[in-house]
Amino acid sequence: MTLADQAPAAQQVTTHNPVDSEPVGHYPLAQGADVEDAVRRARAGATWWQNQGFAARRAHLLHWKSRIAAGAEELATLISAETGKPHGDALLEIMLTLGHLDWAAKNARRVLRRRKVSAGLINYNQHATVGYEPYGVVGVIGPWNYPLYTPMGSISYALAAGNAVVFKPSELTPGPAVWLAERWAEAVGHDVLVALTGDGATGAQLVRSVDKIAFTGSTATAKKVMSVAAEQLTPIVAECGGKDAMLVAADADLDSAADFVVFGAMGNAGQTCVGVERVYVVDTVRDDLVARVVERVERLRIDGPDPHYGPMTMPSQVDVVRDHVDDALRTGSAAFGGRDSVAGRVVGPVVVTDVAEDSAAVQHETFGPLVVINTVASLDEAVERANATVYGLGAAVFTKDKGAATRAADALRAGVVTINSVLGFAGVAALPFGGVKQSGFGRIHGADGLREFCAVKSVARQTRRAALNLLTMERTDKDMHTVARMIPMLHGRAKPPRN
Ligand code: NDP
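Remember, predicted model here, so these are calculated numbers, not experimental data.

What counts and how
Residues numbered from 1 in each chain as written. Predicted model: local features only at pLDDT ≥ 70, side-chain atom pairs only at ≥ 80, totals over all residues. Heavy atoms only, no water. Axes fitted to C-alpha atoms, helices over the stretch in contact; angles between N-to-C directions. Helix = DSSP H or I, 4+ residues; strand = E, 2+ residues; numbered from the N terminus. Parallel < 35°, antiparallel > 145°, perpendicular 65-115°, else oblique. Left-handed = near helix turned anticlockwise from the far one by under 90°. Contact = heavy atoms within 4.5 Å. Nonpolar A, V, L, I, M, F, W, Y, C, P; charged D, E, K, R; others polar. Salt bridge = Lys/Arg side-chain N within 4 Å of Asp/Glu carboxyl O. Buried < 20%, exposed > 50% of the residue type's maximum accessible area, 1.4 Å probe, protein only. Patch = residues over 30% accessible without salt bridge, like charges linked within 9 Å, V, L, I, M, F, W, Y side chains within 5 Å. Areas by Shrake-Rupley, 256 points an atom, 1.4 Å probe, with all protein chains shown as cover. Near = heavy atom within 4 Å. Polar contact = N/O pair within 3.5 Å; in protein donor to acceptor, adjacent residues only side chain to side chain. Phe/Tyr/Trp six-rings, centres within 6.5 Å; stacked < 30°, edge-to-face > 60°. Lys NZ or Arg CZ within 6 Å of the ring centre and 35° of its normal. Lys, Arg positive; Asp, Glu negative; His and termini not counted. Charge placed at Lys NZ, Arg CZ, Asp CG, Glu CD. Expected span 1.5 Å × (residues − 1). 1 Å grid on protein atoms, 1.4 Å probe; cavity = no way out; pocket = protein on both sides within 12 Å on 5 of 7 lines; lining within 4 Å. Points joined across faces, edges and corners; volume = space filled by probe spheres on them. Pairing = 2+ DSSP bridges.

Asker: Tell me about the packing of helix 2 (residues 33–70) against helix 7 (residues 200–209), and name the residues and values.
Answerer: Direction vectors running N to C along helix 2 and helix 7 enclose 40°, while the axes themselves pass 10 Å from each other. With respect to helix 7, the element helix 2 is oriented oblique. Of the two elements, helix 2 crosses helix 7, and the hand of that crossing is right-handed. Between helix 2 and helix 7, the residues in contact are Val35, Glu36, Val39 and Arg43 and Thr202, Gln205, Leu206 and Ser209, respectively. When the residues that make up the contact of helix 2 with helix 7 are grouped by side-chain class, the tally is three nonpolar, three polar and two charged.

Set out below in structure tokens:
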């Protein structure tokens, strides 16, 4: 019998399989003292964990990784049951997640150990070093669309940096969080990773109690989280929504581009923060690309025993997708599907062309299997349009011209750009991930992701007395005369730039 079985229904979170609405699990609805208790336990865990040092933490993390790997089938079944995504997609999510955990465990020491920096000629008597210290307890608040990969992008790096973590999953998908914490308890123990199941109010309370917040979810909720975090100046990394565009140049491999449009837009039923929601294709190849996309979309299976994607995980998202399809069709033309595609929890793929740029379907996150394909005169125009939303998470460029691809990548206002693929970065653990503008700030993954979960501490150790006695009250007029001569010598010699 679990804690949730003993609690009254009002104090429980019950999850349902989006495929058949059958209950999957019951979890405690943590509130008030439960949240405080979870953070208190994690604080004790943090002290133990920090004292382990890099080498022991690496060994513990890799042992935990092997326990997760050993239970991958069971975990995939759980992810699939609560999100509705196909089992294969859940397994892929696990594989990507373990790659990041492995990288974080193996690279934390290299990235975070105290390092010497140059003190400069004038400060020859200072030994200068930079260290990265864990915050203590990191509160990780996760979404439901990738309930393992996404929060683990914060959890793995926060743990490897020496923090304890209290993980508050979405109320739609608490199962993987509890499962992960159970594997941690078996492999390591010491309350270093604590799962805290509950709802939005649980998350809001957690924000007040921890030393750092790693939030992944919608831009609207991120703003609420930030306003609460601001009360204590608690630092936050925010991974929010997106409206990613794919740019297709005239020389692009159109078969490959079409493959990736369909995978990026329809995979996971479009419920991917870095999914492809807009395509800007150069006019000379527009018809060819649309035909190739439609040909592939026609082959998608959305029902039967082996569908390409499942139902919408969050029931209310169906209404958002319907509104965006309606909105897109007001100015655009359906190349595949239409309003009838949004008939139930499983939404059929919809491809709409030539939609007004100021419409909701082009400006706001849809998070469903709808893609808008608009025509542009050049790659430069595509970049301009791609940049014209409040979001800036990911973007993709398809062209055979390396120079053009690099110029477009430089000009795109996004946290991550892929060239000739979509989501090509997801498994590259060394690449930091995060957004700009209203897609968020701060970075997870890679060396920047490890540093995100540390407070920087600088140490300057004086090794001998300075020749110039500047930092004492004993300095002389002669010392200051030398300083007055040094200023123009050191800093006054730069010539004006040539035009
Ligand atoms: P939400 O913003 O609705 O929720 C995210 C998390 O915040 C959930 O755990 C939620 O709990 C919790 N929460 C809700 N209200 C509060 C509050 N006031 N204080 C603290 N926590 C709160 O997002 P979704 O779960 O619907 O996820 C989808 C969104 O996530 C999309 O916009 C998507 O683009 C974005 N996303 C971004 C990613 C990125 O890396 N940039 C990756 C994946 C998704 P509960 O669910 O229990 O209410």
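Asker: Requested: an account of the pattern of salt bridges, with residues and values cited.
Answerer: In total, this model carries 26 salt bridges according to the counting rule given. Among the ionic pairs, Arg43 bridges to Asp211, the shortest N-O distance being 2.9 Å. Placement of Arg43 in helix 2 and of Asp211 in the loop between helix 7 and strand 8 (212–216) is noted, with a sequence separation of 168 residues between them. In this structure Asp211 comes out as partly exposed when scored by relative accessible area, which is 24%.

Asker: Tell me about a nonpolar patch on the surface, and please be specific about residues and values.
Answerer: Side chains of Leu121, Ile122, Met489 and Leu490 sit close together on the surface and give an oily, nonpolar patch of about 440 Å² of accessible area. Looking at where Leu121 falls in the secondary structure, it is placed in the loop between strand 3 (115–117) and strand 4 (126–134).

Asker: Please give an account of the site of the ligand that cites residues and values.
Answerer: Within the structure, the ligand sits among 29 residues, and Gly142, Trp144, Ser218, Thr221 and Glu365 are positioned closest to it. For the ligand, an oxygen atom lies 2.5 Å from a polar atom in the side chain of Glu365. In isolation the ligand exposes 900 Å². Once the protein is present, 89% of that is buried. Among the elements of the structure, helix 7, strand 8 and helix 8 (219–229) are those that each provide at least two residues to the shell around the ligand. Ranked by residues supplied to the shell around the ligand, first place goes to helix 7 with three residues.

Asker: Kindly report on the packing of aromatic side chains, identifying the contributing residues and their values.
Answerer: Pairs of aromatic rings are described using the distance from one ring centre to the other and the angle between the two planes. Summed over all chains, the structure comprises seven aromatic pairs. Where Trp48 meets Trp49, the ring centres are 6.0 Å apart and the plane angle is 25°; that geometry is what we call stacked. Among the aromatic residues, those joined into a cluster by ring pairs are Trp48, Trp49, Trp64 and Trp184. Residue placement shows Lys212 over the ring face of Phe453; its charged tip is 5.8 Å from the ring centre.

Asker: Mind laying out the packing of helix 9 (residues 254–266) against helix 10 (residues 286–298), listing which residues take part and the relevant values?
Answerer: At a minimum axis distance of 9 Å, the contact between helix 9 and helix 10 shows a crossing angle of 50°. One element, helix 9, and the other, helix 10, form an angle in the oblique class. Considering the relative orientation of helix 9 and helix 10, their crossing is right-handed. Packed against helix 9, whose contacting residues are Leu254, Asp255, Ala257, Ala258, Asp259, Val261, Val262 and Met266, the element helix 10 presents Asp288, Leu289, Arg292, Val293, Arg296 and Val297 at the interface.

Asker: With reference to specific residues and values, describe a positive patch on the surface.
Answerer: A cluster of basic residues, Arg109, Arg110, Arg113, Arg115 and Arg451, forms a positive patch at the surface. Structurally, the position occupied by Arg451 is in helix 15 (residues 446–452). When its relative accessible area of 32% is taken as the criterion, Arg451 is described as partly exposed.

Asker: Quick one: what's the story with helix 5 (residues 149–160), residue by residue and with numbers?
Answerer: Along its twelve residues, helix 5 runs 16 Å from first to last C-alpha, staying within 8% of the 16 Å computed at 1.5 Å per residue. With twelve of twelve residues buried, helix 5 lies mostly within the body of the structure. Within helix 5, burial applies to Tyr149, Thr150, Pro151, Met152, Gly153, Ser154, Ile155, Ser156, Tyr157, Ala158, Leu159 and Ala160. Just downstream of helix 5, Gly162 is the residue with a positive phi angle, here 105°.

Asker: I'd love a proper account of the environment of Ala42, names of residues and values included.
Answerer: Counting through the fold element by element, Ala42 comes out in helix 2. Among the residues examined, Ala42 registers a relative accessible area of 0% and is labelled buried. Distance in space between the C-alpha atoms of Ala42 and Val422 is 37 Å, their sequence separation being 380 residues.

Asker: Tell me what's going on with empty space enclosed by the protein, and back it up with residues and numbers.
Answerer: Here the idea is plain: a probe the size of a water molecule rolls over the atoms and shows the empty space left. Following the criterion strictly, the structure yields four cavities of 30 Å³ or more and no others. The calculated volume of the largest cavity comes to roughly 90 Å³. What lines the largest cavity is a set of 14 residues, and nearest its centre among them are Asp244, Val274, Ala395, Thr418 and Val422. Elements supplying a minimum of two residues to the lining of the largest cavity: strand 10 (245–248), strand 15 (394–398) and strand 16 (416–419). In terms of residue count, the dominant contributor to the lining of the largest cavity is strand 15 (three residues). As for the second largest cavity, its lining consists of 15 residues, and the residues nearest its centre are Arg278, Ala386, Tyr391, Gly392 and Gly394. Classifying every residue of the lining of the second largest cavity gives seven nonpolar, four polar and four charged.

Asker: Break down the pairing of strand 14 (residues 370–376) for me, with residues and values.
Answerer: For strand 14, the buried fraction is high: six of the seven residues fall into the buried class. Where strand 11 (residues 278–282) meets strand 14, five bridges bridge the pair, whose relative direction is parallel. Each bridged residue has a counterpart across the sheet, and for Val279 the counterpart in strand 14 is Ile373. Of the strand pairs in this sheet, strand 13 (residues 350–353) and strand 14 are connected by four bridges, and their pairing is parallel. Following the sheet pairing, Val352 is matched in strand 14 by Val372.

Asker: Just give me the short version of the side chain of Thr15, but keep the residues and values in it.
Answerer: Within the secondary structure layout, Thr15 lies in strand 1 (residues 12–16). The class of Thr15 is buried, set by a relative accessible area of 1%. Setting aside its immediate chain neighbours within four residues, Thr15 contacts Glu22, Pro23, Val24, Gly25, Tyr27, Glu82, Glu171, Leu172 and Pro174.

Asker: Kindly report on the sheet that holds strand 18 (residues 454–462), identifying the contributing residues and their values.
Answerer: The strand order across the open sheet formed by three strands is 3-4-18, and the pairing between neighbours is antiparallel. In this open sheet, the two strands that pair with only one neighbour each are strand 3 and strand 18. Pairs of neighbouring strands in the sheet enclose a mean axial angle of 30°, with direction left out of account. Both strand 4 and strand 18 contribute to a ladder of nine bridges, which runs antiparallel. Note that in strand 18 the partner of Thr129 across the bridge is Val459.

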